[in-house]
Amino acid sequence: EKNLGMRCIAAPVRDIHGETVAGLSISGPSARIPQDQTETLSLAVRVAAADLSRSLGAPDVTSGQT
């Protein structure tokens, strides 16, 4: 995040053409999103964005792409 002491985790949401049309993110104070939880939270955000993308007809992409 732009502000000191904040953390943000985001992933793209794609449409039927594979184009990024939105983003899905979580953000908050670093104290509430500690560094040791970013891997788990990142996976959850990517999975949710991929599910939303699929509902928009997006082609399947590997979970490593963001």
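This report concerns the structure included in the present document.

Thresholds, definitions, all that
- Residues numbered from 1 in each chain as written.
- Predicted model: local features only at pLDDT ≥ 70, side-chain atom pairs only at ≥ 80, totals over all residues.
- Heavy atoms only, no water.
- Salt bridge = Lys/Arg side-chain N within 4 Å of Asp/Glu carboxyl O.
- Helix = DSSP H or I, 4+ residues; strand = E, 2+ residues; numbered from the N terminus.
- Buried < 20%, exposed > 50% of the residue type's maximum accessible area, 1.4 Å probe, protein only.
- Pairing = 2+ DSSP bridges.

Some points on the pattern of salt bridges
Reasoning step 1: In total, this model carries 1 salt bridge according to the counting rule given.
Reasoning step 2: The residue Asp-51 makes a salt bridge to Arg-54 at a minimum N-O spacing of 2.4 Å. Of this pair, Asp-51 and Arg-54 both sit in helix 1 (residues 38-55), separated by 3 residues, roughly a single helical turn.
Reasoning step 3: Judged by relative accessible area, which is 44%, Arg-54 ranks as partly exposed.

Brief notes about the pairing of strand 1 (residues 6-14)
Reasoning step 1: Of the pairings in the sheet, the one linking strand 1 to strand 2 (residues 20-29) comprises 9 bridges and is antiparallel in character. Of the residues in strand 2, the one forming a bridge with Val-13 is Ala-22.

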